[in-house]
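Listed here are the chains, written in short residue letters.
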Amino acid sequence: MTKPKGRFQLTNEQKEEFTTSFQLFDSEGKNAIDLHELKVLMRALGFNISKQQILALVREIDPTNHGIVSFDTYLEIMTDVASRRDPQEEMKKAFLLFAGEKGLINVQDLKRVCKQLGEKMSEEELGAMVAEFDRDGDGSINEEEFLQIMKGSGSF
C-alpha cells in the first residue's frame, strides 16, 4: 500500500518516541490501549487534548472503534496530530518554559532547567552558552535569539 503524495510523514525520531511511549502504556503487550490511556499518553507527549477531541480523532480513523486503540490506529492518530503542530508556536512555548513572564533567558534560568533535568553544568559553562547566543549583548537570550538557536539546531 503506497502513501498518498504530500501526506505528512513522521520522522524516525517521532516514530521511535511514539512507539516507545505506546509500549509503556501497553503493559499487557496486547498491542492496544484504551481511550483513557490514549488521552494520558498524548498529554504526556505534550499534546493538550480533550476527551472529546480524542473521541473525534479515533472515530475519524476507526469509525467502528469500541474503546480500544490498536498500535496502527495510534500511529495514524499521532501522525495526524503531529502534522497539525505549528513549529513556530512550539518554539515559543519552549522559550516560555525557560524565560517565564520576564521574556528573557539568563544564566539563572539555565541553571534552574539544568537542575530540573539532572544536568550538571558550571555557572561558567552556562554563562558561555548565554554569551554565545546573546546577539544584542544584554547578557540574556530574548525570544528572537532563542528562535534562531532552535531553527539552527534542527530541533524544529
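Up top you'll find the structure we're talking about.
Throughout this document, residue positions are counted from 1 along each chain, in the order its sequence is written. Reporting in this predicted model follows two pLDDT cut-offs: at least 70 for local features of residues, and 80 or more for side-chain atom pairs to be given and counted; totals over whole chains, interfaces and linings ignore these cut-offs and use all residues. To get the side-chain values, all heavy atoms of the structure are used, and hydrogens and water are removed first.

Asker: Quick question: what am I supposed to make of the overall build of the chain here?
Answerer: Here a strand is any run of E in DSSP of at least two residues, a helix any run of H or I of at least four, and the numbering for each starts at the N terminus. On a plain count of helices and strands, the chain comes out with eight helices and four strands. For the chain, the sequential pattern of α-helices and β-strands runs α-β-α-α-β-α-α-β-α-α-β-α. When we talk radius of gyration, it's over C-alpha atoms, and the globule rule is simply 2.2 Å times the number of residues to the 0.38. Computed over the C-alpha atoms, the radius of gyration of the chain is 19 Å, more than 25% above the 15 Å expected from 2.2 N^0.38 for a compact globule of 156 residues. Based on the C-alpha atoms only, the size of the chain along its principal axes is roughly 60 × 35 × 25 Å. Exposed residues in this analysis have more than 50% of their type's maximum accessible area, buried residues have under 20%, and partly exposed residues fall in between, with area computed by a 1.4 Å probe over protein chains only. When the 156 residues of the chain are sorted by exposure, 30% land in the buried category. Sequence separation of at least 24 residues holds for 52% of the intrachain contacts in the chain that already meet a minimum separation of 6. Total accessible area on the chain is roughly 10500 Å²; 52% of this is exposed by carbon and sulfur atoms. Charged-residue counts in this description rest on Lys and Arg as positive and Asp and Glu as negative, His and the chain ends being excluded. Just so you know, the charge point we use is NZ for Lys, CZ for Arg, CG for Asp and CD for Glu. Measuring between centres, the 20 positive side-chain charges of the chain sit 5 Å from its 28 negative side-chain charges. The contact criterion used is simple: two residues touch if any of their non-hydrogen atoms lie within 4.5 Å. Each accessible area is a Shrake-Rupley estimate made with a 1.4 Å probe; only the visible protein chains count as cover when residues are assessed.

Asker: Looking at this model, I keep getting lost on the pattern of salt bridges. Mind explaining?
Answerer: When charged atoms on two side chains of opposite charge get close, those side chains can pair. The working definition used for a salt bridge is a side-chain nitrogen of Lys or Arg within 4 Å of a carboxyl oxygen of Asp or Glu. Following the criterion strictly, the structure yields five salt bridges and no others. Between Glu28 and Lys30 there is a salt bridge whose closest N-O contact spans 3.0 Å. Lys30 gets classed as exposed once you look at its relative accessible area, which sits at 59%. Salt-bridge contacts for Arg84 lead to Asp80; the nearest nitrogen and oxygen are separated by 2.6 Å. Bridged by salt links that share partners, the residues Lys102, Asp109 and Arg112 form one connected network.

Asker: Help me understand the packing of helix 2 (residues 35-44) against helix 4 (residues 71-83) in this model?
Answerer: Two packed helices can be described by the angle between their axes and the distance between those axes. Axis angles are defined between N-to-C directions and span 0 to 180 degrees, where every axis is a line fitted to C-alpha atoms and, for a helix, only to the segment in contact. Where helix 2 contacts helix 4, the axes come no closer than 12 Å and their chain directions differ by 40 degrees. Considered as vectors, helix 2 and helix 4 are oriented oblique to each other. As helix 2 runs across helix 4, the sense of the crossing is right-handed. Along its contact with helix 2, which presents Leu38, Leu41 and Met42, the element helix 4 presents Tyr74, Ile77, Met78 and Val81. Here the contact of helix 2 with helix 4 is built from residues that sort into seven nonpolar, no polar and no charged. For classification, angles of less than 35 degrees are called roughly parallel, those exceeding 145 degrees roughly antiparallel, those between 65 and 115 degrees roughly perpendicular, and all remaining angles oblique. Whether a crossing is left-handed or right-handed is set by the direction in which the near helix is turned from the far one by less than a right angle, anticlockwise for left-handed and clockwise for right-handed. Side-chain classes are defined by residue name, with Ala, Val, Leu, Ile, Met, Phe, Trp, Tyr, Cys and Pro counting as nonpolar, Asp, Glu, Lys and Arg as charged, and the others, Gly among them, as polar.

Asker: Mind showing me how you'd approach the nonpolar core here?
Answerer: As used in this record, nonpolar core signifies buried Ala, Val, Leu, Ile, Met, Phe, Trp, Tyr and Cys residues forming a set joined through side-chain atoms within 4.5 Å. Counting 20 residues, the largest nonpolar core has Leu38, Met42, Tyr74 and Ile77 as its most contacted members. Where this core is concerned, the elements lending two or more residues are helix 1 (12-25), helix 2, helix 3 (51-61) and helix 4. Counting 14 residues, the second largest nonpolar core, distinct from the first, contains Ile105, Leu110, Leu126 and Val130.

Asker: What exactly am I supposed to notice about the packing of helix 1 against helix 4 here?
Answerer: Remark: helix 1 packs on helix 4, axes separated minimally by 11 Å, with the N-to-C direction vectors making an angle of 135 degrees. The angle between helix 1 and helix 4 falls in the class oblique. Every pair of crossing elements has a handedness; the one defined by helix 1 and helix 4 is right-handed. The residues of helix 4 that touch helix 1, namely those facing Gln14, Phe18, Thr19, Ser21 and Phe22, are Phe71, Tyr74, Leu75, Met78 and Ala82. Split into classes, the residues belonging to the contact of helix 1 with helix 4 amount to seven nonpolar, three polar and no charged.

Asker: Would you mind showing me how to read the side chain of Asp80 here?
Answerer: With respect to the element layout, Asp80 can be found in helix 4. Those residues within four positions of Asp80 in sequence are excluded, and the remaining contacts are Leu57 and Glu60.

Asker: I tried to follow the packing of aromatic side chains on my own but got confused; where do I start?
Answerer: The description of two aromatic rings rests on the distance between their centres and on the angle between their planes. Only rings of Phe, Tyr and Trp enter the pairing, Trp through its six-membered ring, and a pair is recorded when the two centres are within 6.5 Å. The plane angle decides the type: under 30 degrees is stacked, over 60 is edge-to-face, the rest tilted. Summed over the entire model, instances satisfying the criterion amount to six aromatic pairs. On the basis of an interplanar angle of 40 degrees and a centroid distance of 6.1 Å, the ring pair of Phe71 and Tyr74 is categorised as tilted. Of this pair, Phe71 and Tyr74 both sit in helix 4, three residues apart, which is roughly one turn of that helix. Across the pair, exposure class does not vary: Phe71 and Tyr74 are buried alike.

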